[in-house]
Amino acid sequence: AGASYANAAAAWGGGPIFVLNMVGVHALMLVVLGRFSTGVHKAYTLFWVIGTAGAIQIPVIGWQPIRSLEQLGPALVCLGYQVLGFCDMVRRYKKMDAREFVRFRVQAVGVLIGGVLVVGMLLYPTGYFGPLSSRIRGLFVKHTKTGNPLVDSVAEHQPASSGMYTSYLNLPLDYALLGGIVSCWKRNNGFYFLVLYGFIAQHFAGKMSRLVLICGPIVAVSCAIWCGFLLDQLLEPFLLFLGKKPGYTVEDEEEQPTESDSNGNATAAKEKAGAKAVAAKGKAKATKDSAKTPPKVAKKSSRKAEARVLEEWEEEERPGGAAQFKKALKNGIKEAIPEDFQQQYSDFRKMFDSTKGMTIRAVVAVAFVMYTLTIGGTIPRIVTFVRHCDNVAQSLSNPQVVYSVRDRTGKTHIIDDYLKGYQWIDQNTPKDARVMAWWDYGYQITGIAKRTSIADGNTWNHEHIATLGRTLTSPEKKAWNVIRHMADYVLVWAGGGGDDLAKSPHLARIGNSVFPDHCGDDDPKCNKFSFYSDHTPTPMMAKSLLYKLVMHGENGVQVNQALFKEVHKTQNGLMRVFKVMNISEESKAWVKDPKNRVCDAPGSWYCVGQYPPALEKLISKRKNFAQLEDFNKVGQVRSAYSQMIEQERSGKGNSEL
């Protein structure tokens with residue numbers, strides 16, 4: 001598990017946060033439920049140590065597992081496990097009774113809490129602890145706005161709709177709840193993990209639609225448990241006919257003679273009780289005496305004196321704590337059940353597994369199977385589900401840069417503008433060309449066009465994305481003064497729909513979060529950069545480089561050919577490529593020089609580039625958005641957009657910022 005976690009960290013730097021915290025919360029839950037043991041201690045410790053040791057090797061993660069508030073919880077759980085493990089070791093060595101052990105463990109945990117508080121108070125003022133990112137905070141707030149315009153601009157960060165659950169989870173979702181109910185009858189450690197996983201997955205998917213993905217495993221497992229339960233119930237009467245012993249122990253049968261009755265129930269119960277006692281012999285000293293011989297015939301009043309058989313998750317009798325409290329509670333409930341009711345249940349179980357009962361169950365099982373295969377409608381639903389899965393898989397696996405459309409006559413046309421555009425860049429631009437575009441297309445530029453992209457889907461660097469947004473939404477001359485030091489070509493998506501003009505208000509808003517002079521603190525949503533109701537652009541948008549590049553040659557709009565020259569337009573006009581005129585060769589050479597790259601270690605593949613000196617004046621105007629969002633640092637002033645969202649949450653609306 002630890003190696004898998006490290007591999008997930010290497011494949012997707014942000015994804016393992018969910019995995020790490022899920023396992024950590026489950027480990028904490030086991031302690032609260034009184035299920036802590038040596039095996040659990042070893043398992044979680046190895047998971048955290050191996051997984052964290054592997055994760056910190058990933059440059060974009062580094063020491064976050066022990067610094068970030070998003071990942072610090074599992075580290076504290078691991079520390080607590082070591083203290084609890086130490087307490088158990090001392091208990092065994094000193095042979096403590098329940099009272100002594102509880103007192104000693106409370107003292108040890110108190111020392112741990114005090115030490116953690118002292119260390120936290122010492123490190124807090126230094127800024128050692130990283131803040132909760134807006135993505136994570138967005139999972140716990142009621143509203144869909146996180147206070148980060150970059151995160152708020154991504155459609156996948158909106159809540160999932162009911163149709164999305166139906167589409168992606170489909171038929172198994174109908175039986176997931178039934179599987180959970182069935183699991184309640186066997187509450188082992190795995191069951192509690194499923195409950196925890198299901199609750200967290202459902203909560204987070206309701207906050208962010210892309211997280212419907214994590215609902216898939218728990219829905220599939222729950223559905224499989226329900227199907228397995230049904231299969232067990234259908235096959236059990238036939239297996240009992242073949243000689244299978246009932247999977248239960250009727251304690252009341254201990255009053256009966258040891259000889260087998262007509263159905264062999266008393267003998268079967270006695271044999272199972274003896275087997276459990278023998279198995280308990282090797283598990284713990286606490287049950288040694290009672291495990292030497294099979295239980296003898298005893299009256300109901302003597303059941304308390306019998307040695308308790310250890311559960312599957314137990315290694316020994318652990319005095320004190322939640323485990324002992326739960327045992328006392330269960331015994332109290334058991335004793336409160338009237339003996340008449342227990343006898344009725346015993347009689348019912350014997351009848352249920354008698355020859356007559358098995359015959360009735362077998363007939364019902366056959367009838368149920370026939371109903372399911374004929375008029376029940378289950379088979380058609382399964383066929384529809386399989387077909388639906390195939391359709392969804394095909395839709396998700398189809399390339400996004402090529403798609404088909406139908407005209408009015410019903411004829412199919414293949415639209416491959418984006419693919420052809422990237423291929424043109426690959427075939428007609430220098431190999432060292434740098435292409436500037438909005439970050440949405442960064443991976444496509446790198447993977448298909450095989451050129452350096454100024455930004456891509458790794459949006460961890462908010463300030464860089466904001467610089468890009470501010471540049472593209474600035475007047476063309478102002479934008480050119482920046483772009484000539486960073487890129488050789490500018491790529492835009494045009495043609496309507498989800499093109500760059502539709503996204504452009506987000507670009508301006510993100511830019512304003514780091515460059516407050518772009519739209520101004522009095523306009524945190526950058527409403528001045530938008531369209532009027534008649535679809536004409538506002539003055540700020542009409543002057544922007546992005547608008548002129550997208551609309552170049554249409555409705556009288558022209559980009560300054562001395563600054564940007566159009567070199568390619570795809571067949572349907574969905575992509576346009578412009579060459580940056582008079583680029584700064586000095587800045588290009590400076591950026592290309594390996595000496596000007598900042599690597600996390602000599603020879604490392606993870607090297608952060610730097611802006612050329614010519615842009616120093618622009619970069620000095622930026623305000624670090626991470627610092628603005630960092631609530632750990634007293635006195636920091638949050639961005640106008642963040643303040644606006646906080647006021648909306650508090651019900652103040654658009655009051656003065």
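Residues numbered from 1 in each chain as written. Predicted model: local features only at pLDDT ≥ 70, side-chain atom pairs only at ≥ 80, totals over all residues. Heavy atoms only, no water.

## What to know about the sheet that holds strand 7 (residues 575–580)
Strand order in the open sheet made by the 5 strands is 4-3-5-7-6, with mixed pairing throughout. Looking along the sheet, the strands with just one partner apiece sit at the ends: strand 4 (452–453) and strand 6 (564–569). The sheet strands contacting helix 16 (residues 417–428) are strand 3 (434–436), strand 5 (489–493), strand 6 and strand 7, and the helix crosses strand 7 at an angle near 25 degrees. (Pairing = 2+ DSSP bridges. Helix = DSSP H or I, 4+ residues; strand = E, 2+ residues; numbered from the N terminus. Contact = heavy atoms within 4.5 Å. Axes fitted to C-alpha atoms, helices over the stretch in contact; angles between N-to-C directions.)

## Re the packing of aromatic side chains
Here the structure, examined in full by the defined rule, presents 11 aromatic pairs. Ring plane angle 45 degrees and centroid distance 5.8 Å describe the contact between Tyr5 and Phe47, whose orientation is recorded as tilted. Separated by 42 residues along the polypeptide, Tyr5 in helix 1 (residues 2–11) and Phe47 in helix 3 (residues 38–55) bring together distant segments of the chain. Phe47 matches Tyr5 in its accessibility class, with the two residues each being buried. Seen from their ring centres, Phe36 and Tyr81 are 5.0 Å apart, and the 85 degrees between their planes marks the pair as edge-to-face. Here Tyr81 lies in helix 4 (residues 72–94) and Phe36 lies in the loop between helix 2 (16–32) and helix 3, a separation of 45 residues in the sequence. In this structure, Phe36 and Tyr81 share a single accessibility class: buried. Joined through ring pairs, the aromatic side chains of Tyr5, Phe36, Tyr44, Phe47 and Tyr81 make up one cluster. (Phe/Tyr/Trp six-rings, centres within 6.5 Å; stacked < 30°, edge-to-face > 60°. Buried < 20%, exposed > 50% of the residue type's maximum accessible area, 1.4 Å probe, protein only.)

## A closer look at the side chain of Thr45
With respect to the helices and strands, Thr45 occurs in helix 3. For Thr45, a relative accessible area of 16% translates into the label buried. In this view, Thr45 contacts Cys78 and Gln82; residues no more than four positions away in its chain are not counted.

## Quick notes on the state of the cysteines
The full count for this structure, using the stated rule, is 1 disulfide. The disulfide bridge from Cys519 ends at Cys526, spanning 2.0 Å between sulfur atoms. Taking the sign of the S-S torsion, about 110 degrees here, the bridge from Cys519 to Cys526 comes out right-handed. Exposure class is identical for Cys519 and Cys526. Each is buried. (Disulfide = S-S within 2.5 Å.)

## Observations concerning the confidence of the model for the chain
Taken residue by residue, the chain gives an average pLDDT of 78. The fraction at 70 or more is 77%. Every residue in residues 249–306 is under pLDDT 50, and counting partners more than four places away or in other chains gives 65 contacts. The low-confidence segment residues 627–635 (pLDDT under 50) makes 21 contacts with residues lying over four places distant or belonging to another chain. (pLDDT = per-residue confidence, 0-100.)

## Focus on the side chain of Ser453
Along the chain, Ser453 turns up in strand 4. According to the relative accessible area criterion, Ser453 is buried, its value standing at 17%. A distance of 2.7 Å separates a polar atom in the side chain of Ser453 from the backbone oxygen of Ala455. If we skip the residues at most four places from it in the chain, Ser453 touches Val435, Gly442, Ile445 and Thr446. (Polar contact = N/O pair within 3.5 Å; in protein donor to acceptor, adjacent residues only side chain to side chain.)

## Some points on the pattern of salt bridges
Side-chain pairing between opposite charges can occur once the charged atoms of the two side chains come close. Taken as a whole and judged by the stated rule, the model has 12 salt bridges. Ionic pairing is found between Arg451 and Asp426, a salt bridge with its closest N-O pair at 3.5 Å. On the criterion of sequence distance, the pair formed by Arg451 in the loop between helix 17 (442–449) and strand 4 and Asp426 in helix 16 is long-range, its members being 25 residues apart. Given a relative accessible area of 4%, Arg451 falls into the buried group. Judged by relative accessible area, which is 18%, Asp426 ranks as buried. Overlapping salt bridges, with partners in common, bring together Asp432, Arg434, Asp488, Lys588 and Lys592 in one network. (Salt bridge = Lys/Arg side-chain N within 4 Å of Asp/Glu carboxyl O.)

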